[in-house]
Amino acid sequence: MSLTKNLEDKIKVFALIGHTASGKNELAFEIAKELGAKIILCDSKKVYKLMDIGTSKPTKEMRKEVDYFMIDLKYPNEYYSAGDYAKDAEKIILELAKKKERFFVVGGGTLYLKALFEEDFISLDSVSFELREKLKKEKTEKLYELLKKIDPQRAKKIGKNDRVRIERAIEIYEVTGEKPSEIYKKRKVEKKIVPYYFAIYWDNKERKKRISDRLDKMMKIGFLEEVENLLRNGYDLRYKSLDAHGYKELILYLTGKIRSLEEAMALTKKRIYEYTKRQLRFFRNYLKIKPIFYKMEEGNRNFIKEKLKRVLEEEIWKDF
């Protein structure tokens, strides 16, 4: 992240991104440990306390060896937006860069990546629980038709199956009363940082297996008990934090709305798999600075790790 004499120059930030269950967090930990770097997480759920197993947070042992930022910031009932994340994460990035600390960003949260790095991201101060619930209950097709009526220009730029961006556009309209396309023109903010994206991914068949194995492992180490503890402490589906993969399905199972644990697990695996497809589509089509993609396969992990280490040392941290 070369700091130059020109204060208007942007700081280059290495960002290791990947779909859920890609292994990016384990890979990032090894790289950070070997190179003496810090990690800034870009994940919409790891910011919440008490949600450890289901979000695959770095363990206490890992955190003793590598410094992590943007983790355990809020309780599940507290509001924390993508805009809040971007403001807090950018502040940390600028501070670390000023001190010439080695660091990089790791994550797969599409909205959070956009908030942190994209200049046309719109931050909303608050979206009501009622509005979120109303949108959540509608089918994607119906929401897209609504967006076409509200803002045809914005709808043309969003895929008809891109539920996250469709919901976001409708939220912007409902909260501000203005067309999102018009707001994007007015509120563009110049960023002080620029990403250098490296995206890792697995082919379809292996991705499904990794998702299944990952969830099975979570269950063995106490995911269900973690969700039971959240419910005992008064955290439930009223809070957006717990709409996370696995948490929602286990809450529905524990409250009798899903008949069996097996059904809850099957629904979770399917939901995660569908989400990984949206993540990959986002990485390929909706980031203004295109990532360099690395296909993960059996046997090539060390090659990719060493390649990323060289990029960090020779291109990103070359002035350190």
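Before reading on, note that the structure itself is shown above.
The structure reproduced in this document is the subject of the present report. (Residues numbered from 1 in each chain as written. Predicted model: local features only at pLDDT ≥ 70, side-chain atom pairs only at ≥ 80, totals over all residues. Heavy atoms only, no water.)

The end-to-end C-alpha distance of helix 1 (residues 24-35), which contains 12 residues, comes to 16 Å, matching closely the 16 Å that a straight helix rising 1.5 Å per residue would cover. Where helix 1 is concerned, the buried positions are Lys24, Asn25, Leu27, Ala28, Phe29, Ile31, Ala32 and Leu35. In the segment just after helix 1, Gly36 is the residue with positive phi, at about 70 degrees. (Helix = DSSP H or I, 4+ residues; strand = E, 2+ residues; numbered from the N terminus. Expected span 1.5 Å × (residues − 1). Buried < 20%, exposed > 50% of the residue type's maximum accessible area, 1.4 Å probe, protein only.)

The next point concerns the environment of Val194. Here Val194 lies in strand 5 (residues 193-201). Val194 sits 181 residues away from Val13 along the chain, and the two C-alpha atoms are 6.0 Å apart. Apart from the residues within four sequence positions on either side, Val194 is in contact with Lys10, Ile11, Lys12, Val13, Phe117 and Ile289. (Contact = heavy atoms within 4.5 Å.)

Residue placement: Asp319 occurs in the segment after helix 14 (301-316). C-alpha of Asp319 to C-alpha of Lys100: the two residues are 219 residues apart in sequence and 9.0 Å apart in space.

On to empty space enclosed by the protein, then. Applying the stated rule across the entire model yields 4 cavities of 30 Å³ or more. Within this model, the largest cavity holds a volume of roughly 120 Å³. Around the largest cavity, the lining comprises 13 residues; the ones closest to its centre are Leu111, Lys114, Arg165, Arg168 and Tyr184. Looking at the lining of the largest cavity, the element that brings in the most residues is helix 8 (residues 163-176), giving 4 residues. Residues of the lining of the largest cavity, tallied by class, amount to 8 nonpolar, 1 polar and 4 charged. Lining the second largest cavity, in full, are Thr110, Asp162, Val164, Arg165, Tyr275, Arg278, Gln279, Arg281, Phe282 and Tyr286. Of all the secondary-structure elements, those providing two or more residues to the lining of the second largest cavity are helix 8 and helix 13 (261-285). Ranked by residues supplied to the lining of the second largest cavity, first place goes to helix 13 with 5 residues. Here the lining of the second largest cavity is composed, by residue class, of 4 nonpolar, 2 polar and 4 charged. (1 Å grid on protein atoms, 1.4 Å probe; cavity = no way out; pocket = protein on both sides within 12 Å on 5 of 7 lines; lining within 4 Å. Points joined across faces, edges and corners; volume = space filled by probe spheres on them. Nonpolar A, V, L, I, M, F, W, Y, C, P; charged D, E, K, R; others polar.)

Right, let's get into the packing of helix 3 (residues 82-98) against helix 4 (residues 110-117). Two numbers describe how helix 3 lies on helix 4: the axes approach to 8 Å, and their chain directions differ by 55 degrees. In terms of their interaxial angle, helix 3 and helix 4 are classed as oblique. The two elements helix 3 and helix 4 meet at a crossing, and its hand is right-handed. Counting all contacts with helix 3, which are made through Ala82, Tyr85, Ala86, Ala89, Glu90 and Ile93, the residues of helix 4 involved are Leu111, Tyr112, Ala115 and Leu116. Here the contact of helix 3 with helix 4 is composed, by residue class, of 9 nonpolar, no polar and 1 charged. (Axes fitted to C-alpha atoms, helices over the stretch in contact; angles between N-to-C directions. Parallel < 35°, antiparallel > 145°, perpendicular 65-115°, else oblique. Left-handed = near helix turned anticlockwise from the far one by under 90°.)

On to the packing of aromatic side chains. Within this structure, the stated rule accounts for 11 aromatic pairs. Between the aromatic rings of Phe14 and Phe104, the centroid separation amounts to 5.8 Å while the plane-to-plane angle is 85 degrees, which identifies the pairing as edge-to-face. A residue pair is termed long-range when its members are at least 10 positions apart, and Phe14 in strand 1 (residues 11-18) and Phe104 in strand 4 (residues 103-107) qualify at 90 residues. As far as burial versus exposure is concerned, Phe14 and Phe104 are alike and both buried. Cluster of aromatic residues (ring-pair linked, three or more members): Phe14, Phe104, Tyr196, Phe198 and Tyr294. Lying across the ring of Tyr273, Lys208 places its NZ or CZ 4.8 Å from the centre. Above the plane of the ring of Tyr201 lies Arg284, whose end atom (NZ or CZ) is 5.4 Å from the centre. (Phe/Tyr/Trp six-rings, centres within 6.5 Å; stacked < 30°, edge-to-face > 60°. Lys NZ or Arg CZ within 6 Å of the ring centre and 35° of its normal.)

So, about the nonpolar core. Counting residues in each nonpolar core, the largest one holds 53 residues, and the members touching the most others are Ile40, Tyr85, Val105 and Phe117. Sequence-distant contacts of Ile40, that is, excluding residues within four places in its chain, are made with Phe69, Met70, Tyr85, Ala89, Ile92, Ile93, Leu96, Phe103, Phe104, Val105 and Val106. By size, the runner-up hydrophobic cluster in this structure holds 29 residues, among which are Leu35, Ala37, Val106 and Met296. (Core = buried A, V, L, I, M, F, W, Y, C linked by side-chain atoms within 4.5 Å.)

Where helix 12 (residues 247-254) meets helix 13, the axes come as close as 9 Å, and the angle between the chain directions of the two elements is 160 degrees. What the angle tells us is that helix 12 and helix 13 run roughly antiparallel. The hand of the helix 12/helix 13 crossing is right-handed. Mapping the contact onto sequence places Lys248, Glu249, Leu250 and Tyr253 in helix 12 and Leu261, Ala264, Met265, Leu267, Thr268 and Arg271 in helix 13. Residue composition of the contact of helix 12 with helix 13, by class: 6 nonpolar, 1 polar and 3 charged.

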